Amino acid sequence: MSLRTWLAGSPFWPMLRKEFIQMRRDRLTLALMVGVPAIQLLLFGFAIQTEVRHLPTIVLDEARTSESRALVAALENTDDFRITGYVASRDELRRRIVRGDAQAAVVIPPDFATDLARNRSAAAQVIVDAADPMASSSAMQGAAQAGIARAQAILRARGAPPLPLEVSVRPWFNPTLRSATYIVPGIIGVLLSMTMVIITSIAVVRERERGTLEQLIVTPITRASLMLGKIVPFIIVGYVQITVVLVLGKLVFDVPLRGSLPFLYAVSLPFIVASLGIGLILSTFVATQSQAMQLGFLFLLPNILLSGFMFPRQAMPALAQWLGAALPLTYFLELLRGILLKDAGAADLWRPTVALVAFAVALVTAATLKFHKSLD
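Since we're looking at a predicted model, the values are computed, not measured.

Rules and cut-offs
Residues numbered from 1 in each chain as written. Predicted model: local features only at pLDDT ≥ 70, side-chain atom pairs only at ≥ 80, totals over all residues. Heavy atoms only, no water. Helix = DSSP H or I, 4+ residues; strand = E, 2+ residues; numbered from the N terminus. Buried < 20%, exposed > 50% of the residue type's maximum accessible area, 1.4 Å probe, protein only. Contact = heavy atoms within 4.5 Å. Areas by Shrake-Rupley, 256 points an atom, 1.4 Å probe, with all protein chains shown as cover. Pairing = 2+ DSSP bridges. Phe/Tyr/Trp six-rings, centres within 6.5 Å; stacked < 30°, edge-to-face > 60°. Core = buried A, V, L, I, M, F, W, Y, C linked by side-chain atoms within 4.5 Å. Axes fitted to C-alpha atoms, helices over the stretch in contact; angles between N-to-C directions. Parallel < 35°, antiparallel > 145°, perpendicular 65-115°, else oblique. Left-handed = near helix turned anticlockwise from the far one by under 90°. Nonpolar A, V, L, I, M, F, W, Y, C, P; charged D, E, K, R; others polar.

## With respect to the overall build of the protein
Item 1. From N to C terminus, the protein includes 15 helices and 5 strands.
Item 2. Here the protein holds 376 residues, and the buried ones make up 47% of them.
Item 3. For the protein, restricting intrachain contacts to residue pairs at least 6 apart in sequence, the fraction spanning at least 24 positions comes to 81%.
Item 4. As displayed, the protein offers around 18700 Å² of accessible surface, 64% of which is attributable to carbon and sulfur atoms.

Following this line, the structure appears as structure tokens:
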């Protein structure tokens, strides 16, 4: 008996044939099933890199000599650091690191050249923003290697036995380089994205599938009121999730809460609203809950991996960084880690705050305009 004859006579053949026919007719689901893995493979295969090079670095050069400039050049030659500017004081240095303008700093004291001239060991310091352990580890190793290389060069020129140069590395904000300190704040953004985007899109599609959308059609409620009614309950859920993660993160993982919690809760609102807007927009493109879930995951995986939640954005290609800049989670992660780990305030984090407000307004407006009180 041939395989074809056996299949045609088997009791499950009619059901199998029906499912294939239904799958062929449901072209959107079929395209998502085939296209999503291909898109994600190409995107993440090129974008996800763990080796961070050319870390934005500022310099506080209080010596201002040829020797201090040679040390800065030696650090930059490691390709782990990219000198972006000079500062005049330690206060300005701290502000620029907290604000995110730089992730490392080189501090050269005023007596640096004098100590070298007197055959004493000269000291310099490299400060690294260790809130992201993965991004900072290579920079710390590069600073140590650059210090050794520069010391050997001075020894060869001087011919003296004492070690002429000592470069100390000081990690800020996460001195023990604990992964939990970096990951737990980001989990807040990831959980909110998953809840707001997928659950919201499924909730709207579920009403369409169950026929309850017909009841909304015959009511005098406006589109704006309908959108508001969909959004407000999830906003409350979002704040409950934030509180749960903050409490457990502090109790279980000892994650620091250095900044203002009222400020954190305030800037969380535009992110929650923006995520809800994305979920509502996705719900207008699909007809079933299965399609809504697949389309939601198509958005969520790049949203998580390209935003800097797990992998440093500095290590990604330029295209991936541009894509990450178009995601609300990127800016919310900057706010979360800045507030919780660096005690950054509104003056330091106004740029990501403005970006999130713009996302929230644009996405909710687009969702309201795209949603029609109809069954189509």
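Having seen the model, we can carry on.
## Remarks on the pairing of strand E2 (residues 81-86)
Item 1. In this sheet, E2 lies alongside strand E1 (residues 55-61) in parallel orientation, the contact comprising 5 bridges. By the bridge assignment, Ile 58 is partnered in E2 with Gly 85.

## Things to note about the packing of aromatic side chains
Two measures describe an aromatic ring pair: the distance that separates the ring centres and the angle between the ring planes.
Item 1. Enumeration over the complete set of coordinates arrives at 3 aromatic pairs.
Item 2. Consider the rings of Tyr 331 and Phe 359, whose centres lie 5.9 Å apart with planes at 45°: the pair is tilted. One end of the pair, Tyr 331, is in helix H14 (residues 328-342); the other, Phe 359, is in helix H15 (residues 350-370), with 28 residues separating them in the sequence.

## A few points about the nonpolar core
Item 1. Leu 93, Ile 97 and Ile 188 are the most contacted members of the largest nonpolar core, which totals 72 residues.
Item 2. Those residues in contact with Leu 93 that lie beyond four places of it in its chain are Ile 58, Leu 60, Val 87, Ala 105, Val 107, Ile 127 and Trp 172.
Item 3. If you look at the next biggest cluster of nonpolar residues, it comprises 17 residues, including Val 59, Ile 83, Leu 116 and Val 128.

## What about the pairing of strand E3 (residues 104-108)?
Item 1. Within E3, 5 of the 5 residues are buried, leaving the element largely enclosed by the surrounding structure.
Item 2. Residues Ala 104, Val 106 and Ile 108 line one face of E3 and the alternating positions Ala 105 and Val 107 line the opposite face, and both faces are buried.
Item 3. With 5 bridges joining them, E1 and E3 adopt parallel strand pairing. Opposite Val 59, over in E3, you have Val 106 as the bridge partner.
Item 4. Pairing of E3 with strand E4 (residues 122-129), which is carried by 4 bridges, proceeds in the antiparallel orientation. When the bridges of E4 are listed, Ala 105 appears paired with Ile 127.

## A few points about the packing of helix H8 (residues 179-210) against helix H12 (residues 289-305)
Item 1. Running from N to C, H8 and H12 point in directions that differ by 160°, and their axes come no closer than 9 Å. Considered as vectors, H8 and H12 are oriented roughly antiparallel to each other. In this structure, H8 crosses over H12, and the sense of that crossing is right-handed. On H12, the residues that touch Val 190, Ser 193, Met 194, Val 197, Ile 198, Ser 201, Ile 202, Val 205, Arg 206 and Glu 209 of H8 are Gln 289, Ala 292, Met 293, Gly 296, Phe 297, Phe 299, Leu 300, Asn 303 and Ile 304.
Item 2. Here the contact of H8 with H12 is composed, by residue class, of 12 nonpolar, 5 polar and 2 charged.

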